[in-house]
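One-letter residues, chain by chain:
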Amino acid sequence: MVDSGGVSRLGHMKALLGVLAGAGASYGIYKLVTGEVFQRKQKGGGSGRPPGCSVQGQVQETVQPGSLLAKLSGLDVVRTKGAVVRDVQEEIDSKSPGTLNRENIKMLLWCLQTSSEQTDRCRVLVTLGNAAAFSAHQDAVRELGGLILIARYLSDPAADVRVQTLNALNNLSMNLKNQDVLKVYIPQVLELIETSPVNSNLQLAALRLLTNLSAADVCHHLLRDSIRLLLSLLVVSSQVLQIQTLKVLVNLSSNPDMMDDIVQATVPASVVLLFDLQTAPAVLQRLLAFAGNLKAWTPSSPVAAELRSRQDCLYRVLLDPSSTLHSRLVQLLAHPDQDVRAHVAHVLL
């Protein structure tokens, strides 16, 4: 037997279904509900998340007393987190990155933390990365705790999310205060390079981040153990990856305090073969800049003697008198690219 409360509720449900059967009525109810959601969302923001976010993370919007839907059914309207995230994202995407304000950055960070869908996380990270091209936004992300939040996604199971995380951190790292926070993630970035497929987007994005982080000496000591990995990449990677790897090596070799670690690093003997007329000029120029930094370093006699005894170290392969580098440099003086010839002349001096 159905009690009177059940009959009453069934009556409300029938009334609701009757109204929803009309296309015009259903659209009106949709606009009514979603309009209320957007108004409250735009006014809310003091806490850094859309109002109505429950402890479990589900965004709930209760129908206002007296509204049409409340009168018909007395039921709550529930919107998923993903729907709210996409609403916020679309609203922010309608603005140019330079016009975003601190509240927009806060909302983007909330969206990132809330998103359960891979595509949503990627989209938010792209927007944050574009915003991070502006110095004011770089500061805002740091002050809102966004650097640590974004860096969490370096271990996201989706490769695309990890790539977009690296891209966002790359732009955010063009800020000395941000570098001081991000330097602790260098070991994790190096692990991504070592474990990712060669020439993958992950490796390239990671190397771009390391290029920015190695621009200042403050992070160099954290890269001491990366020299062998970087030198190995030179002989197995594509031209694009070679260029990015060499940017990091040039930055490191410009620091005299790093030179002992560099020249002692184990290196494939085939590295010297890159000094060749067939190597792309863009690679050669950076390779020669790296060699020039190495040539500027002069070891003491005992250190040089010790290094010569190690067949596979960088010193023996490129700097020792027994190396074929000198004869290869002489051949490069005939290179058709003027910048390459200038670099060769500088190294030979």
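No experiment lies behind these values; they were computed from the predicted model shown.

Re the overall build of the chain
Part 1: What the chain contains, in helices and strands, is 20 helices and two strands.
Part 2: Looking at the 349 residues of the chain, the share that counts as buried comes to 46%.
Part 3: Nonlocal contacts in the chain, meaning residues at least 24 apart in sequence, comprise 68% of its contacts between residues at least 6 apart.
Part 4: Just so you have it, the chain exposes about 17,100 Å², and 54% of that area is on carbon and sulfur atoms.

Considerations on helix H5 (residues 102–114)
Part 1: Along its 13 residues, H5 runs 18 Å from first to last C-alpha, staying within 8% of the 18 Å computed at 1.5 Å per residue.
Part 2: Regarding H5, the residues found buried are Asn104, Ile105, Met107, Leu108, Leu109, Trp110, Cys111, Leu112 and Thr114.
Part 3: In this structure, the buried residues of H5 make contact with helix H4 (81–93), helix H6 (118–131), helix H7 (135–143) and helix H8 (146–151).
Part 4: The opening residue of H5, the one whose side-chain oxygen lies 3.1 Å from the backbone nitrogen of Glu103, is Asn101.

Quick notes on the packing of aromatic side chains
Remark: the centre distance and the inter-plane angle together describe each pair of aromatic rings, the angle taken between the planes.
Part 1: The final tally for this structure, using the stated rule, is one aromatic pair.
Part 2: Where Trp297 meets Tyr315, the ring centres are 6.3 Å apart and the plane angle is 80°; that geometry is what we call edge-to-face. Of this pair, Trp297 sits in the loop between helix H16 (281–295) and helix H17 (301–308) while Tyr315 sits in helix H18 (residues 314–319); the two residues are 18 residues apart in sequence, bridging distant segments of the chain. Across the pair, exposure class does not vary: Trp297 and Tyr315 are buried alike.

A closer look at unusual backbone geometry
Part 1: Positioned with a positive phi, Asn199 is a non-glycine residue whose angle comes to about 70°.
Part 2: The topology assignment puts Asn199 in the loop between helix H11 (186–195) and helix H12 (201–213).

Description of the nonpolar core
Part 1: Core analysis: the biggest nonpolar cluster contains 94 residues, and Ile150, Leu166, Leu231, Phe275, Leu294 and Leu318 have the highest contact counts within it.
Part 2: The greatest single-element share of this core, amounting to eight residues, is contributed by H12.

Side note on the environment of Ala140
Part 1: Assignment of secondary structure puts Ala140 in helix H7.
Part 2: Through-space distance from the C-alpha of Ala140 to that of Lys106 is 8.6 Å; in sequence the pair is 34 residues apart.

Quick look at a nonpolar patch on the surface
Part 1: A cluster of nonpolar side chains, namely Val198, Val235 and Val236, defines an oily patch on the protein surface of about 220 Å² accessible area.
Part 2: Its location among the elements puts Val235 in helix H13 (residues 227–236).
Part 3: The class for Val235 is partly exposed, based on a relative accessible area of 31%.

With respect to the side chain of Gln203
Part 1: Within the secondary structure, Gln203 is located in helix H12.
Part 2: Overall, Gln203 belongs to the buried group, its relative accessible area being 2%.
Part 3: For Gln203, the side chain forms a polar contact with the main-chain oxygen of Ser196, separated by 3.5 Å.
Part 4: For Gln203, the side chain forms a polar contact with the main-chain nitrogen of Asn199, separated by 2.9 Å.
Part 5: Once residues within four sequence positions are removed from consideration, Gln203 is found in contact with Ile193, Ser196, Pro197, Val198, Leu233 and Leu241.

Regarding H12
Part 1: The end-to-end C-alpha separation of H12 is 18 Å, in line with the 18 Å expected for 13 residues at 1.5 Å each.
Part 2: With 11 of 13 residues buried, H12 is to be regarded as a mostly interior element.
Part 3: Residues of H12 that are buried: Leu202, Gln203, Leu204, Ala205, Ala206, Leu207, Leu209, Leu210, Thr211, Asn212 and Leu213.
Part 4: Turning to H12, the residues buried within the fold contact helix H9 (159–172), helix H10 (176–182), H11, H13 and helix H14 (239–253).

Details of empty space enclosed by the protein
Part 1: Enumeration according to the criterion identifies one cavity of 30 Å³ or more in this entry.
Part 2: Approximately 30 Å³ is the volume found for the largest cavity.
Part 3: Leu154, Leu169, Leu182, Tyr185, Val189, Leu209 and Leu213 are the residues that line the largest cavity.
Part 4: Broken down by class, the residue content of the lining of the largest cavity amounts to seven nonpolar, no polar and no charged.

A look at the side chain of Asn104
Part 1: The topology assignment puts Asn104 in helix H5.
Part 2: Given a relative accessible area of 10%, Asn104 falls into the buried group.

Comments concerning the packing of H11 against H12
Part 1: Taken N-terminus to C-terminus, the directions of H11 and H12 make an angle of 145°; their axes are 9 Å apart at the nearest point. Seen along the crossing, H11 lies across H12 with a hand that is left-handed. Together, Ile186, Val189, Leu190 and Ile193 of H11 and Gln203, Ala206, Leu207, Leu209, Leu210 and Leu213 of H12 make up the contact between the two elements.

Comments concerning the confidence of the model for the chain
Part 1: The pLDDT averaged across the chain works out to 82; a share of 77% of its residues lies at or above 70.
Part 2: Below a pLDDT of 50 lies the segment residues 4–64, which in the model reaches 77 contacts outside its immediate sequence neighbourhood of four places, other chains included.
Part 3: Within the model, the stretch residues 66–78 combines pLDDT values under 50 with 31 contacts to residues more than four positions away or in other chains.

So, the pattern of salt bridges
Side chains that carry opposite charge are capable of pairing whenever their charged atoms lie near each other.
Part 1: All chains considered together, the criterion is met by 11 salt bridges.
Part 2: Of the charged contacts in the structure, one is a salt bridge between Arg224 and Asp261, with a shortest N-O distance of 2.3 Å. With Arg224 in the loop between H12 and H13 and Asp261 in helix H15 (residues 259–264), this residue pair connects regions lying 37 residues apart in the sequence.
Part 3: Look at Arg224 and you get partly exposed, because its relative accessible area is 31%.
Part 4: Judged by its relative accessible area of 26%, Asp261 is partly exposed.
Part 5: Residues Asp320 and Arg316 are paired through a salt bridge, measuring 4.0 Å at the closest nitrogen-oxygen approach.
Part 6: Asp320 sits in the buried class, given a relative accessible area of 7%.
Part 7: According to the relative accessible area criterion, Arg316 is partly exposed, its value standing at 21%.
Part 8: Residues participating in the shared-partner salt-bridge network are Arg102, Asp139, Arg142 and Glu143.

Rules of the game
- Starting from 1, residues in each chain are numbered consecutively following that chain's sequence as written.
- In view of the model being predicted, local features appear only for residues whose pLDDT reaches at least 70, and side-chain atom pairs are presented and counted only at 80 or more, with totals across whole chains, interfaces and linings using the full set of residues.
- Excluding hydrogens and water, the side-chain figures rest on all heavy atoms present in the structure.
- In DSSP terms, a helix is any run of H or I states spanning at least four residues, a strand is any run of E spanning at least two, and both are numbered starting from the N terminus.
- Partly exposed describes any residue whose relative accessible area lies between the buried limit of under 20% and the exposed limit of over 50%, with all areas from a 1.4 Å probe on protein chains only and scaled to the type maximum.
- By definition in these notes, contact holds between two residues if any of their heavy atoms fall within 4.5 Å.
- Where accessible areas are quoted, they stem from the Shrake-Rupley method and a 1.4 Å probe; at the residue level, only the protein chains shown are allowed to cover.
- By definition here, a helix of n residues has an expected span of 1.5 Å times n minus one.
- Residues adjacent in sequence count toward polar contacts only when both atoms are side-chain atoms; beyond that, a polar contact is any pair of N or O atoms within 3.5 Å, and within protein one must be able to donate a hydrogen and the other to accept it.
- Note on ring pairs: Phe, Tyr and Trp rings are taken, using the six-membered ring of Trp, and paired if centres are within 6.5 Å. Classes follow the plane angle, with under 30 degrees stacked, over 60 edge-to-face and the rest tilted.
- Definition of nonpolar core: a set of buried residues of the types Ala, Val, Leu, Ile, Met, Phe, Trp, Tyr and Cys, connected through side-chain atoms within 4.5 Å.
- Patch membership requires more than 30% relative accessible area and the absence of a salt bridge. Residues of like charge join within 9 Å; the nonpolar side chains Val, Leu, Ile, Met, Phe, Trp and Tyr join within 5 Å.
- When a carboxyl oxygen of Asp or Glu lies within 4 Å of a side-chain nitrogen of Lys or Arg, that pair is called a salt bridge.
- Only protein atoms enter the 1 Å grid, on which a cavity is a set of points fitting a 1.4 Å probe that cannot get out and a pocket is an open set with protein on both sides within 12 Å along at least 5 of 7 lines, lining residues being those with an atom within 4 Å of a point.
- Grid points are joined across faces, edges and corners, and a volume is the space filled by probe spheres set on the points.
- In this count, Pro and Cys sit with the nonpolar residues alongside Ala, Val, Leu, Ile, Met, Phe, Trp and Tyr, while Asp, Glu, Lys and Arg are called charged and the others, Gly among them, polar.
- Fitting a line to C-alpha atoms yields each axis, with helices limited to the stretch in contact; the angle taken between N-to-C directions then spans 0 to 180 degrees.
- Handedness of a helix crossing follows the sense of rotation of the near helix relative to the far helix, less than a right angle counterclockwise being left-handed and clockwise being right-handed.
- Every residue is assigned a pLDDT by the predictor, reflecting its confidence on a scale from 0 to 100.

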